[in-house]
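# Chain and residue survey
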Amino acid sequence: MGKGKRERPIYLGNKLAEIRKKLGLSQNEILRHLGLSDQLTREEISAYERGVREPTVLTLLKYAQAAGIYVDALVDDQVSLPEKLPANPKNEGINKAKLKKS
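Below: a short report on this structure. Just so we're clear, the structure is a prediction, and the values are computed from it rather than from any experiment.

## Thoughts on the environment of P9
- With respect to the helices and strands, P9 occurs in the segment before α1 (12–22).
- By relative accessible area, which is 22% here, P9 ends up partly exposed.
- Between the C-alpha atom of P9 and that of S37, which follows or precedes it by 28 residues, the distance is 25 Å.
- Apart from the residues within four sequence positions on either side, P9 is in contact with E54, V75 and D77.

Following this line, the structure appears as structure tokens:
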């Protein structure tokens, strides 16, 4: 294990906030929607959205499931979330590199 800083997704917090807003939920409501109200607080959701803290992998999975996307779309900074959430069928996101070529 290295002693250097761990790489972090730059846009993760923005994507989490975008999911919550596109689902039409407050920070307290997203906790209930994800089934996390007994594990997390609104302040922790706020910290995730501001990029101050990172959620656990299982919390990311719950966000992805609620949004109908793959976890990759959350953590890959080269991928944007789909316009409509929750996505149906499950969506892998929009690759930004492919958009630039079009």
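Let's pick the thread back up.
## Thoughts on helix α3 (residues 42–50)
- Among all positions of α3, only I45, S46, A47, Y48 and E49 are buried.
- Backbone geometry just downstream of α3 places G51 in the positive-phi region, at approximately 80°.

## Examining the packing of aromatic side chains
- A full pass over the atoms with the stated rule returns zero aromatic pairs.
- Just above the ring of Y11 sits the side chain of K96; from NZ or CZ to the centre is 4.4 Å.

## A look at the nonpolar core
- Counting residues in hydrophobic clusters, the biggest one holds 24 residues, and the most contacted among them are I19, Y63, I69 and L74.
- For this core, the elements supplying multiple residues, two or more each, are α1, α2 (27–34), α3, α4 (57–67) and α5 (71–75).
- Per-element accounting of this core gives the leading share, five residues, to α4.
- Residue contacts for L74: discarding those within four places in its chain leaves L12, K15, L16, I19, L60, Y63, A64 and I69.

## Observations concerning the pattern of salt bridges
- This structure, assessed with the given rule, holds six salt bridges.
- Two residues, E49 and R20, come together in a salt bridge whose shortest N-O distance is 2.6 Å. Taken together, the residues E49 in helix α3 and R20 in helix α1 connect sequence positions 29 residues apart. Accessibility assignment for this pair places E49 and R20 in one class, buried.
- Two residues, R42 and E43, come together in a salt bridge whose shortest N-O distance is 3.6 Å.
- For R42, a relative accessible area of 33% translates into the label partly exposed.

Parameters at a glance
- Residues numbered from 1 in each chain as written.
- Predicted model: local features only at pLDDT ≥ 70, side-chain atom pairs only at ≥ 80, totals over all residues.
- Heavy atoms only, no water.
- Helix = DSSP H or I, 4+ residues; strand = E, 2+ residues; numbered from the N terminus.
- Buried < 20%, exposed > 50% of the residue type's maximum accessible area, 1.4 Å probe, protein only.
- Contact = heavy atoms within 4.5 Å.
- Phe/Tyr/Trp six-rings, centres within 6.5 Å; stacked < 30°, edge-to-face > 60°.
- Lys NZ or Arg CZ within 6 Å of the ring centre and 35° of its normal.
- Core = buried A, V, L, I, M, F, W, Y, C linked by side-chain atoms within 4.5 Å.
- Salt bridge = Lys/Arg side-chain N within 4 Å of Asp/Glu carboxyl O.

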